[in-house]
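Commentary on secondary and tertiary structure
Each chain is listed here by its residues.
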Amino acid sequence: MKISNRKFFASAILVSALLAGGVSFYASSSPDGLEKVAEDVGFIETAKDHTLSDFTLADYGVSGLENARLSVGLAGLIGVVATAVIAVGFFTLIRKKATSKNQ
Amino acid sequence: MVHIPDGFIDLPTSAAFAAASTVAVVGAVKGARKQLSEQSAPLAGLTAVFIFAVQMLNFPVAAGTSGHLIGAALAMVLVGPYAATLALVVVLIIQAFLFADGGLTALGLSVFNMAVISVWVSFAVFVVLMKILPKSKTWVVVATFIAALVSVPAAAIGFVIQYAIGANATFSVTTVLNAMVGTHILIGIGEAIITALTVSAVLASRSDLVFGWDKKNSTLEIRT
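Residues numbered from 1 in each chain as written. Chains lettered and ligands numbered in written order. Predicted model: local features only at pLDDT ≥ 70, side-chain atom pairs only at ≥ 80, totals over all residues.

Further remarks concern the overall build of chain B. Secondary structure assignment for chain B yields seven helices and two strands. What you see in chain B, going N to C, is helices and strands ordered as α-α-β-β-α-α-α-α-α. Relative to a compact globule of 224 residues, whose C-alpha radius of gyration would be 17 Å, chain B shows 17 Å and is just as compact. C-alpha extents for chain B along the principal axes are approximately 50 × 35 × 30 Å. Here the analysis covers contacts within chain B between residues at least 6 apart in sequence; of these, 77% occur between residues at least 24 apart. (Helix = DSSP H or I, 4+ residues; strand = E, 2+ residues; numbered from the N terminus. Rg over C-alpha atoms; globule rule 2.2 N^0.38 Å. Contact = placed C-beta atoms within 7 Å.)

Below, the structure is given as structure tokens:
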């Protein structure tokens, strides 16, 4: 069942968008592994606020959007687009340089 | 494991790991140049996108604790260790600067644990397993599962080393080690399941794109 490049890449983007834009709302909000350990052991006190904690998209939410589902979903979609642009651009650039060197 | 906030580790230690991470990234760019092809370059980008998305999905692991995918083993099997390091770095930078997830002064620490230690430990485990195991897709998935499982406590141990060198707190390193490894073995099981399922899906649809499966590709051997 080999599918075409276009289909494969389109489905990967689609799945990522659905996960970040929709499923992310249902993610567990319990502290993650490091955070929990820091709380249990006690060194959570040494954590400082993030430099950019007032930024519009801080903590995967769009500030000002009251609807939690919309807020995290939109933040997720923005992240997917940003990652796609930066990562695909970056890897394409690396490869192009490699090709031109070999010629 | 995750995104270390600012303050846990002192600045000199953070700076030292930022320097080490930078060296690793420069090396990864050189390595990735040799390994990336016309098809695997966009795949590496897509892998970063998928990892970003799945990292948003915290799953519960034990009472009051959650974990999420790192994606190091996933990227390593799909696009090779060099590009995997770079994909993770891109994700970590976007998370730190766009979503305030992971401290800015701690970025070098997080990159070292997840983009360097996790990726290369999982690669070492995968290479050894592929030498022992029969050459079939099923066994590639088994090796992927184990590599992913190991990659998470490996990153956690990376943090414990950083804590031992430059913690701003005085709790015993042994206490932190036990708590970190215990919790992250549990998270590693989740990592292993998600990674194995994703690699299976790609193997079923486009096995030719999978770095860890391409038998003609000699890059599976460690180049010195």
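Residue and element names in this part refer to chain B. Direction vectors running N to C along helix H6 (residues 137–166) and helix H7 (residues 173–206) enclose 150°, while the axes themselves pass 7 Å from each other. Taken together, the axes of H6 and H7 lie roughly antiparallel to each other. Read as a crossing pair, H6 and H7 show a hand that is right-handed. Residues belonging to the contact of H6 with H7 are distributed by class as follows: 25 nonpolar, six polar and two charged. (Axes fitted to C-alpha atoms, helices over the stretch in contact; angles between N-to-C directions. Parallel < 35°, antiparallel > 145°, perpendicular 65-115°, else oblique. Left-handed = near helix turned anticlockwise from the far one by under 90°. Nonpolar A, V, L, I, M, F, W, Y, C, P; charged D, E, K, R; others polar.)

Our focus in this paragraph is the interface of chain B and chain A. At the interface, 58 residues of chain B touch 54 residues of chain A. For the side of chain B that touches chain A, the secondary structure elements donating two or more residues are helix H1 (11–35), helix H2 (40–55), strand E1 (59–62), strand E2 (65–67), helix H4 (81–98) and H7 of chain B. Top contributing element to the side of chain B that touches chain A by residue count: H2 of chain B, with eleven residues. Grouping the amino acids of the side of chain B that touches chain A by side-chain chemistry returns 41 nonpolar, 14 polar and three charged.

Moving on to the packing of helix H2 (residues 33–41) of chain A against H7 of chain B. The angle between the axes and the distance between the axes are what describe a pair of packed helices. In contact at an axis separation of 10 Å, H2 of chain A and H7 of chain B are set at 145° when each is read in the N-to-C sense. The element H2 of chain A and its partner H7 of chain B pack so that their crossing is right-handed. Residues Gly33, Lys36, Val37, Asp40 and Val41 of chain A of H2 of chain A pack against Thr175, Val176, Ala179, Met180, Thr183, His184 and Ile187 of chain B of H7 of chain B. Of the residues contributing to the contact of H2 of chain A with H7 of chain B, the split by class is six nonpolar, four polar and two charged.

All right, on to the confidence of the model for chain B then. For chain B, per-residue confidence averages 93 on the pLDDT scale, and 95% of positions sit at 70 or higher. Looking across chain B, the model is least confident in E1 of chain B, with a mean pLDDT of 92, and most confident in H6 of chain B, with 98. (pLDDT = per-residue confidence, 0-100.)

Let us now look at the pairing of E1 of chain B. Residue and element names in this part refer to chain B. Direction of pairing for E1 relative to E2: antiparallel, over a ladder of three bridges. Bridge pairing in E2 links Phe59 to Gly67. Between the antiparallel neighbours E1 and E2 lie two residues, among them Gly64 with a positive phi of about 70°. (Pairing = 2+ DSSP bridges.)

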